[in-house]
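Listed below are the residues making up each chain.
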Amino acid sequence: MLTAFARAFKTPDLRKKLLFTLAIIVIYRLGTHIPIPGVSYSNVQQCLDQTKTNQGLFGLVNMFSGGALLQITIFALGIMPYITASIILQLLTVVIPRLEALKKEGQSGQAKVTQYTRYLTVALAILQGTGLVATARTGALFGSCPVANQIVPDQSIFTTVVMVICMTAGTCMVMWLGELVTDRGIGNGMSILMFVSIAAGFPGALWAVKQQGKLAGGWIEFGAVILVGLAMVGLVVFVEQAQRRIPVQYAKRMIGRKSYGGTSTYIPLKVNQAGVIPVIFASSLLYIPGLIVQFSGSTAGWATWIKDNLVKGDHPAYIVTYFLLIVFFAFFYVAISFNPEEVADNMKKYGGFIPGIRAGRPTAEYLSYVLNRITWPGSLYLGVIALVPTMALVGFGANQNFPFGGTSILIIVGVGLETVKQIESQLQQRNYEGFLR
């Protein structure tokens, strides 16, 4: 990886792209520290100091925003509205024929889907911004902090509207910065910003583990967490690169005096075909019961049961429910993102077939069979990755939103691998000398 970056900086146009990407990252990180109008910065910092070891129900969103959510800055919502909008549109593609038709139209159709994603992102940003401001005004954002209800001193309607507009504008700017990186920088812009948001919390969280440790001044716990993180990264890299390659043979066709086809290729089916989406779905769904209890303020039996069982990440009921949801969403997302019948029809249309399998319906059934077989280990792997860090780090006194959790490791490794692959491919294009010199 370091060699690829060193070679990239020696290439003038790639160096410009890398420096442009770094400049966007700096702007993004600056925006995560600029508070919005109407917020008492001193009270926010006081509450953060008291609740830094327990980020509560907003920990997931706070992680994706690089810590900007709990500081209530202009980038407080981060890229979460865009991620949510993208997932919603991807799910709606299955049930709305119009969106499915746009997906098949190529670049023009994809441009329209992207435009719809932007509109939905703005709508979600307004909704989430309103919810965040309302939570901050009531003092529920920081729970037991003494000055939690003084985070927003002026609770007039005008101030509230200004705060929501600022956060919505910040989300739009984050979306624009991400698209700039995609067009003029290196890698996928949204993925890069997500990578930066998560990585920004690593140093502080690691140092917190060292300070909370009791063995040799905390250095033993610190070293153990580093080793656990390295082991998790190695496992994720191994599984993320693993794939089942189904061979495909294209028959030779004669058109006039020229022959076409006759080539061999393969369909790569990844072991983790769903990526990090099932973990995000499961985490988001498990936050809903706690949010309902928090906003309702109920003390009934059902509310007490939820507080005791589905809020703490180290509770057995939470762990089992989380694991089962990850497995379910892994199969669900693979089912809607990969259509064996469509792949089989395309292969049959262009004269392709799997050796030993008849074209058409038998091919679709074979692809479904293989996909189900490799999705089982992929879903179990996701569940283990998501839960093992949580269970292991409980012994070190770390909170359940520690950056070495499953979601952050999957995103960090996935984005890192994809970015390095893009740099390598561009280096190969520029350094290719051909057969003649």
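Residues numbered from 1 in each chain as written. Predicted model: local features only at pLDDT ≥ 70, side-chain atom pairs only at ≥ 80, totals over all residues. Heavy atoms only, no water.

Chemist: Give a detailed account of a nonpolar patch on the surface, specifying residues and quantitative values.
Modeler: A surface patch of nonpolar side chains, about 370 Å² in accessible area, is lined by Ile88, Leu92, Val94, Val95 and Ile96. When you line up the elements, isoleucine 88 lands in helix H6 (residues 80-95). (Patch = residues over 30% accessible without salt bridge, like charges linked within 9 Å, V, L, I, M, F, W, Y side chains within 5 Å. Areas by Shrake-Rupley, 256 points an atom, 1.4 Å probe, with all protein chains shown as cover. Salt bridge = Lys/Arg side-chain N within 4 Å of Asp/Glu carboxyl O. Helix = DSSP H or I, 4+ residues; strand = E, 2+ residues; numbered from the N terminus.)

Chemist: Give me the lowdown on the nonpolar core, citing residues and values where you can.
Modeler: Core analysis: the largest hydrophobic core is formed by 67 residues, its most contacted members being Leu269, Val279, Tyr322 and Leu410. With residues near it in sequence (within four places) discarded, leucine 410 still touches Val236, Glu240, Val276, Val279, Tyr381, Leu382 and Ile385. Counting residues in each nonpolar core, the second largest holds 24 residues, with Leu69, Ala125, Val133 and Leu141 among its members. (Core = buried A, V, L, I, M, F, W, Y, C linked by side-chain atoms within 4.5 Å. Buried < 20%, exposed > 50% of the residue type's maximum accessible area, 1.4 Å probe, protein only. Contact = heavy atoms within 4.5 Å.)

Chemist: If you had to explain the pairing of strand E1 (residues 243-250) to someone new, which residues and values would you point to?
Modeler: Put simply, side chains in a regular strand alternate between the two faces of the sheet. Relative to strand E4 (residues 264-270), E1 runs antiparallel, the two being bridged by seven bridges. If you follow proline 247 over to E4, its bridge partner there is tyrosine 266. Relative to strand E5 (residues 352-353), E1 runs antiparallel, the two being bridged by two bridges. Its bridge partner lying in E5, glutamine 249 is registered against phenylalanine 353. (Pairing = 2+ DSSP bridges.)

Chemist: I'd like to hear about the confidence of the model for the protein chain, residue by residue, with values.
Modeler: Per-residue confidence for the protein chain gives a mean pLDDT of 79, with 83% of residues at or over 70. Here strand E3 (residues 258-260) is the element of the protein chain with the lowest mean pLDDT, 60, and helix H9 (residues 157-184) is the one with the highest, 91. Contacts of residues 433-437 to residues separated by more than four positions or lying in other chains number zero contacts, the stretch itself having pLDDT below 50. (pLDDT = per-residue confidence, 0-100.)

Chemist: Could you give an account of the packing of H6 against helix H8 (residues 107-138), naming the residues involved and the relevant values?
Modeler: Helices that pack against each other are described as a pair by the angle of their axes relative to one another and the distance between those axes. At a closest axis distance of 8 Å, the pairing of H6 and H8 adopts a crossing angle of 130°. It follows from the interaxial angle that H6 and H8 lie oblique. Note that H6 runs across H8; the crossing there is right-handed. Taken together, the residues of H8 that come into contact with H6 (itself represented by Pro81, Tyr82, Thr84, Ala85, Ser86, Ile88 and Leu89) are Val113, Tyr116, Thr117, Leu120, Thr121, Leu124, Ala125 and Gln128. Within the contact of H6 with H8, the residues separate by chemical class into ten nonpolar, five polar and no charged. (Axes fitted to C-alpha atoms, helices over the stretch in contact; angles between N-to-C directions. Parallel < 35°, antiparallel > 145°, perpendicular 65-115°, else oblique. Left-handed = near helix turned anticlockwise from the far one by under 90°. Nonpolar A, V, L, I, M, F, W, Y, C, P; charged D, E, K, R; others polar.)

Chemist: Lay out the sheet that holds E4 with the relevant residues and their values.
Modeler: A sheet is described by the order of its strands in space; here three strands give the open sequence E4-E1-E5, paired in antiparallel fashion. Looking along the sheet, the strands with just one partner apiece sit at the ends: E4 and E5.

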